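The residues making up each chain are set out below.
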Amino acid sequence: MPSPDVIAHHHDSRSGDVYWTALWAAPFTADGLLRTAAEVLSLTNAERTRAGLRYGC
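Residues numbered from 1 in each chain as written. Predicted model: local features only at pLDDT ≥ 70, side-chain atom pairs only at ≥ 80, totals over all residues. Heavy atoms only, no water.

Colleague: Before we move on, can you summarise the overall build of the protein chain with the specific residues and values?
Modeller: Scanning the protein chain from terminus to terminus reveals 1 helix and 2 strands. Ordering the α and β elements of the protein chain from the N terminus gives β-β-α. The buried share of the protein chain, reckoned over its 57 residues, is 5%. Considering only residue pairs separated by 6 or more positions, the protein chain has 0% of its internal contacts joining residues 24 or more positions apart. (Helix = DSSP H or I, 4+ residues; strand = E, 2+ residues; numbered from the N terminus. Buried < 20%, exposed > 50% of the residue type's maximum accessible area, 1.4 Å probe, protein only. Contact = heavy atoms within 4.5 Å.)

Structure, rendered in structure tokens:
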């Protein structure tokens, strides 16, 4: 797997948790952006469900 184009993290000072993310770039198109957003949302919601957290409105 190639190296990611962007790696970022956030340190939550209250809990001490560190959240990481990585993004692999693809040709920028409206469809690609929609697909990436949908994939991120799906993965995030699956992780929240696994952890017993609620999501959505």
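Colleague: Summarise the environment of histidine 10; cite the residues concerned and give the values.
Modeller: For histidine 10, the location among the structural elements is in strand β1 (residues 6-11). What makes histidine 10 partly exposed here is its relative accessible area of 49%. Residue contacts for histidine 10: discarding those within four places in its chain leaves Asp17, Val18 and Tyr19.

Colleague: I'd love a proper account of the confidence of the model for the protein chain, names of residues and values included.
Modeller: A low pLDDT score tells you not to read the predicted coordinates there in detail. Within the protein chain, residue pLDDT values average 80, and 79% of them lie at 70 or more. Least confident of the elements in the protein chain is β1, whose mean pLDDT is 81; most confident is helix α1 (residues 30-50), at 87. (pLDDT = per-residue confidence, 0-100.)

Colleague: Quick one: what's the story with the pattern of salt bridges, residue by residue and with numbers?
Modeller: Considering all chains together, one arrives at 2 salt bridges under this definition. Two residues, glutamate 47 and arginine 50, come together in a salt bridge whose shortest N-O distance is 2.4 Å. Taken as a pair, glutamate 47 and arginine 50 lie in helix α1 at a separation of 3 residues, close to a single helical turn. A relative accessible area of 43% means that glutamate 47 is categorised as partly exposed. (Salt bridge = Lys/Arg side-chain N within 4 Å of Asp/Glu carboxyl O.)

Colleague: Please set out α1 residue by residue, giving values where relevant.
Modeller: Taking 1.5 Å as the rise per residue, α1 with 21 residues should run 30 Å; its terminal C-alpha atoms sit 30 Å apart, in good agreement. Looking one or two residues past α1, glycine 52 carries a phi angle of roughly 80°, positive in sign. (Expected span 1.5 Å × (residues − 1).)

Colleague: I'd like a rundown of a nonpolar patch on the surface, residues and numbers included.
Modeller: A grouping of Ile7, Val18 and Trp20 is seen on the molecular surface, where their side chains present a nonpolar patch of about 350 Å² in accessible area. Note that valine 18 resides in strand β2 (residues 18-23). (Patch = residues over 30% accessible without salt bridge, like charges linked within 9 Å, V, L, I, M, F, W, Y side chains within 5 Å. Areas by Shrake-Rupley, 256 points an atom, 1.4 Å probe, with all protein chains shown as cover.)

Colleague: Tell me about the side chain of aspartate 12, and please be specific about residues and values.
Modeller: Tracing the backbone shows aspartate 12 in the loop between β1 and β2. Classification of aspartate 12 as buried rests on a relative accessible area of 14%. Within polar-contact distance, the side chain of aspartate 12 engages the backbone nitrogen of serine 15 at 3.3 Å. When residues no more than four places from it in sequence are discounted, the contact partners of aspartate 12 are Asp17 and Tyr19. (Polar contact = N/O pair within 3.5 Å; in protein donor to acceptor, adjacent residues only side chain to side chain.)

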